[in-house]
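Listed here are the chains, written in short residue letters.
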Amino acid sequence: MGNSRISSTQEDYLRQLKRKKDRIKVIQISIFLLFLGIWEIAVRCSWIDGFIFSSPSRILHTFQCMCADHSIFLHVGITLAETLVSFFLVVIFGMGIAILLWYKEELSRILEPYLVVLNSLPKSALAPLLIVWLGANMKSIVVAGISVAIFGTILNLYAGFKEVDPDMIKLIYTLRGDKKDVLLKVIIPGTLPLQLSVMKVNIGLCLVGVVIGEFIGARQGLGYLIIYGSQVLQLDGI
């Protein structure tokens, strides 16, 4: 009887949780559809200029045309590839440098002010320099994507490594472990939620950096499409 009551209570709780999630999804979708509807009505009723603000129907038509000639797939594929390469390198170098700074405390004290300054730089200002240094190619665009995310990744991961429970670290040393054991058994597992959170932010930052790079020195990609559309006043495409 006890197990039955517990099971029934759990089922009620799960049903309530599911209803709550479904309600949130319905509200989110409704807000989005309401926004699109108001936007479309505002253009059709001439409340706003359709040439400047476009409209959902115009955007859909433009998207269908770009799908028909396959141009959208080419440009999305280029930007996606550059973003994924940037993200992959940011994860590798960000994690590696953060671990190195955690291992070498003196090195971290030396480099920390430089990392803070580099992280605060406006990355859009670096893109023209990267184009000059590396040329107008995919390499410079990937580096632009990396530059947006790498310094914040290092600082956030290093700060997370330093905030791990010191009692757990003492326990490893008490059991005759070394710093490698602390890293593998405490630091990395203990900061896994932080690592995932940083990665979720980084994928968006890498995309921003890649598009900034494509604004300046690309002949393919979403950034190129945006710049080209602004030059020929194809605002539906933008």
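A quick note: this is a predicted structure, and the numbers were derived from the prediction, not measured.

**Overview of empty space enclosed by the protein**
Applying the stated rule across the entire model yields 2 cavities of 30 Å³ or more. Estimates place the volume of the largest cavity at around 50 Å³. Forming the boundary of the largest cavity are V90, V91, M95, T153, L157, Q195, V198, M199 and N202. Of all the secondary structure elements, the ones that give two or more residues to the lining of the largest cavity are α4 (71–103), α7 (138–162) and α10 (192–217). With 4 residues, α10 is the single largest residue contributor to the lining of the largest cavity. Partitioning the lining of the largest cavity into residue classes produces 6 nonpolar, 3 polar and no charged.

**What about the pattern of salt bridges?**
Should their charged atoms come close, side chains of opposite charge can pair. Applying the stated rule across the entire model yields 5 salt bridges. Here E40 makes a salt bridge to R44, at a shortest N to O gap of 2.7 Å. Of the two residues, E40 and R44 are both situated in helix α1 (residues 2–44); the distance of 4 residues between them amounts to about one turn of the helix. What makes E40 buried here is its relative accessible area of 13%. Given a relative accessible area of 63%, R44 falls into the exposed group. We note a salt bridge from D181 to K185, for which the minimum N-O separation is 3.8 Å. Here K185 and D181 lie together in helix α9 (residues 179–190), a separation of 4 residues that amounts to about one turn. Its relative accessible area of 54% is what places K185 among the exposed residues.

**Description of the packing of α9 against α10**
Viewed as axis vectors pointing N to C, α9 and α10 meet at an angle of 45°, and their least axial separation amounts to 5 Å. Between α9 and α10, the crossing angle belongs to the class labelled oblique. Across from I188, P189 and G190 in α9, the residues of α10 making contact are L192, P193 and Q195.

**Quick notes on the layout of surface pockets**
Of the pockets and cavities examined, the largest pocket occupies roughly 470 Å³. In terms of lining residues, the largest pocket is bounded by 19 residues, among which T62, M66, L225, G237 and I238 are the most central. At the level of elements, α3 (56–68), α4 and α11 (222–231) are the ones that each hand at least two residues to the lining of the largest pocket. Here the element with the most residues in the lining of the largest pocket is α11; it accounts for 6 residues. Of the residues that constitute the lining of the largest pocket, the class distribution is 11 nonpolar, 6 polar and 2 charged.

**Focus: the packing of helix α8 (residues 166–174) against α9**
Any two packed helices are characterised by how steeply their axes cross, that is the angle between the axes, and by the distance between the axes. As a packed pair, α8 and α9 sit with axes 10 Å apart at the nearest point and diverge in direction by 135°. Our classification of the angle between α8 and α9 gives oblique. Remark: the crossing between α8 and α9 carries right-handed chirality. For the pair α8 and α9, the contacting residues are M168, I169, I172 and Y173 in the first and K179, D181, V182, K185, V186 and I187 in the second.

**Things to note about unusual backbone geometry**
Of note, the phi angle at S46 is positive, near 65°, even though the residue is not glycine. Here S46 shows up in the loop between α1 and α2 (50–53). By relative accessible area, S46 is classed as exposed at 61%. The backbone phi angle of L233 is positive, close to 60°, even though this residue is not glycine. Tracing the sequence through the fold places L233 in the segment after α11.

Rules used throughout
Residues numbered from 1 in each chain as written. Predicted model: local features only at pLDDT ≥ 70, side-chain atom pairs only at ≥ 80, totals over all residues. Heavy atoms only, no water. 1 Å grid on protein atoms, 1.4 Å probe; cavity = no way out; pocket = protein on both sides within 12 Å on 5 of 7 lines; lining within 4 Å. Points joined across faces, edges and corners; volume = space filled by probe spheres on them. Helix = DSSP H or I, 4+ residues; strand = E, 2+ residues; numbered from the N terminus. Nonpolar A, V, L, I, M, F, W, Y, C, P; charged D, E, K, R; others polar. Salt bridge = Lys/Arg side-chain N within 4 Å of Asp/Glu carboxyl O. Buried < 20%, exposed > 50% of the residue type's maximum accessible area, 1.4 Å probe, protein only. Axes fitted to C-alpha atoms, helices over the stretch in contact; angles between N-to-C directions. Parallel < 35°, antiparallel > 145°, perpendicular 65-115°, else oblique. Contact = heavy atoms within 4.5 Å. Left-handed = near helix turned anticlockwise from the far one by under 90°.

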